[in-house]
Every structure is written in structure tokens, then in C-alpha cells.
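Survey of secondary and tertiary structure
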Amino acid sequence: MTDSRERHLVELVDDDGLPIGSDTVEVAHQRPGRLHRAFSVVLMDPAGRVLLQRRAAVKTRFPLRWANTCCGHPAPGEEVAVSANRRLKEELGAAPVALSEVGVYVYYAEDPATGRVEWEYDHVLLGQVSGAEDLVPDPDEVAELAWVDPEVLPRSIRAEPTLYSPWLAGVINQVATARGGGSVGAAAGPADTDGDTAERSGGR
């Protein structure tokens with residue numbers, strides 16, 4: 001993420017997702033964090049595979065972790081789908097996609113590597129694509145792309161959780177539930193009570 005993007009405004013919200021103000025990306029992600037609106041896009045092909053991205057090394061939060069197709073923050077007052085399609089173009093070079101909101105996932109996670117936090121009221125958006133799109137990832141945003149069967153993700157996340165973003169399991173669960181498949185795996189549990197685990201996800 002570039003320094004200029006750190007200065008963009010995000011929309012602060014209350015526990016019900018109602019706007020209560022704005023702040024910069026940088027400030028909202030500093031401890032202890034401020035709850036703000038975000039989105040997580042999942043693109044799915046006809047076989048039911050989902051497109052994952054490995055976040056670039058320069059990301060200020062959870063670099064080099066595998067995450068869903070695209071994440072970001074709408075500007076205050078901006079429609080989530082509009083912002084999401086803009087980020088799909090910026091990160092992946094993708095053409096506009098019809099996106100449907102399948103749920104909201106509120107989570108809190110601390111990045112032990114960078115000291116930043118995510119406390120997000122996350123709108124989960126699903127888009128159906130052919131899987132043959134000619135994508136051109138921005139290397140400042142995306143290190144790798146991979147099409148993955150979502151049914152295998154829970155086992156992989158449990159086996160090697162530090163390879164994945166702490167929100168990925170919850171986002172994929174929202175998609176699976178909306179499509180009638182039920183939960184495909186629980187998100188990571190709360191931090192250890194002794195404080196040794198700096199990363200956590202779920203409600204705060």
C-alpha cells in the first residue's frame with residue numbers, strides 16, 4: 001500500500017454499521033484501532049473455485065498472507081460495490097463485475113509483524129466470473145493469484161494459519177452460508193489469555 005493510500009479517508013461506523021465520522025486509513029489501523037467500513041470481494045468461477053490473492057510484501061497489514069480476491073475501504077458515503085470494482089481494476093486489472101453482498105463480517109485482528117490492526121465492518125461481496133479473465137495484478141498490491149477449492153481452505157488455514165489473513169475464513173464462511181453450503185470452517189479463535197498471541201479475529 002502506498003503512502004498516499006494511507007492518507008485516504010475511511011468511514012467510521014458504530015456496532016450497527018451506522019456512520020459516525022471519518023479518519024485516515026493510517027489512523028484507523030493504529031492500535032487500538034477504530035471500527036470502520038470495509039469490503040472483501042470473492043470472485044468465483046463456474047466450478048465453485050474462489051480466486052485468492054497473496055498480499056504484496058509492501059502491504060502495511062498482513063503482508064505476504066493469502067487473502068480473498070480483493071479488499072478495501074469505500075470512501076465515506078460511497079457505494080460499496082462502486083469502490084470494490086475500482087479496487088478490482090486497480091489491484092488486478094479486472095473489468096467491472098456484477099457484485100452481490102452476501103453478508104457482513106465484523107472482525108478485529110492485530111498484525112504481529114507490523115503492529116497495525118484491522119477492526120472492520122466488512123461487507124462481503126460475491127462475483128461470478130468465467131475464470132478465464134486476463135488479469136494483470138499490480139505487484140505493489142498482489143504477489144500471487146491462485147484459484148482454490150473453498151472446501152480445502154479450512155484444513156489449510158488450521159494447519160498453517162500464518163500463511164493466511166485472519167479474516168479469510170470468516171469471509172469464505174459468509175459466501176458458503178449465502179450459497180446454502182453452510183460453514184466451511186471457523187475463523188481463528190481469540191488471542192491467548194497470556195498475551196503471547198498478538199493476532200486475533202472475530203468480534204472485539
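Since the model is a prediction, treat every value here as computed from it, not as a measurement.

Procedures and definitions
Residues numbered from 1 in each chain as written. Predicted model: local features only at pLDDT ≥ 70, side-chain atom pairs only at ≥ 80, totals over all residues. Heavy atoms only, no water. Helix = DSSP H or I, 4+ residues; strand = E, 2+ residues; numbered from the N terminus. Buried < 20%, exposed > 50% of the residue type's maximum accessible area, 1.4 Å probe, protein only. pLDDT = per-residue confidence, 0-100. Contact = heavy atoms within 4.5 Å. Disulfide = S-S within 2.5 Å.

The next point concerns unusual backbone geometry. In this chain, R31 is followed by P32 through a cis amide linkage whose omega measures 5 degrees. In this structure, P32 sits in the loop between α2 (25-28) and β3 (36-44). Even without a glycine there, the phi angle at F62 is positive, about 55 degrees. Looking at the element boundaries, F62 is found in the loop between β4 (50-55) and β5 (66-67). Relative accessible area serves as the criterion here: at 1%, F62 is assigned to the buried category. The backbone phi angle of L64 is positive, close to 60 degrees, even though this residue is not glycine. Its place among the elements puts L64 in the loop between β4 and β5.

On to the confidence of the model for the protein chain. Confidence along the protein chain averages 89 in pLDDT terms, with 87% of residues attaining 70 or more. Scored below 50 in pLDDT, residues 185-204 shows 39 contacts in the model against residues more than four places distant or in partner chains.

Throughout the structure, instances matching the rule amount to zero disulfides. The thiol of C70 is not disulfide-bonded; the next cysteine sulfur, from C71, is found 6.6 Å away.

Before going further, it helps to examine helix α5 (residues 168-178). Within α5, eight of the eleven residues are buried, which leaves the element mostly enclosed by the surrounding structure. Contacts made by the buried residues of α5 are with β3, β4, β5, β7 (99-110), β8 (117-128) and α4 (153-159). After α5 finishes, the residue G180 shows a positive phi value of roughly 85 degrees.

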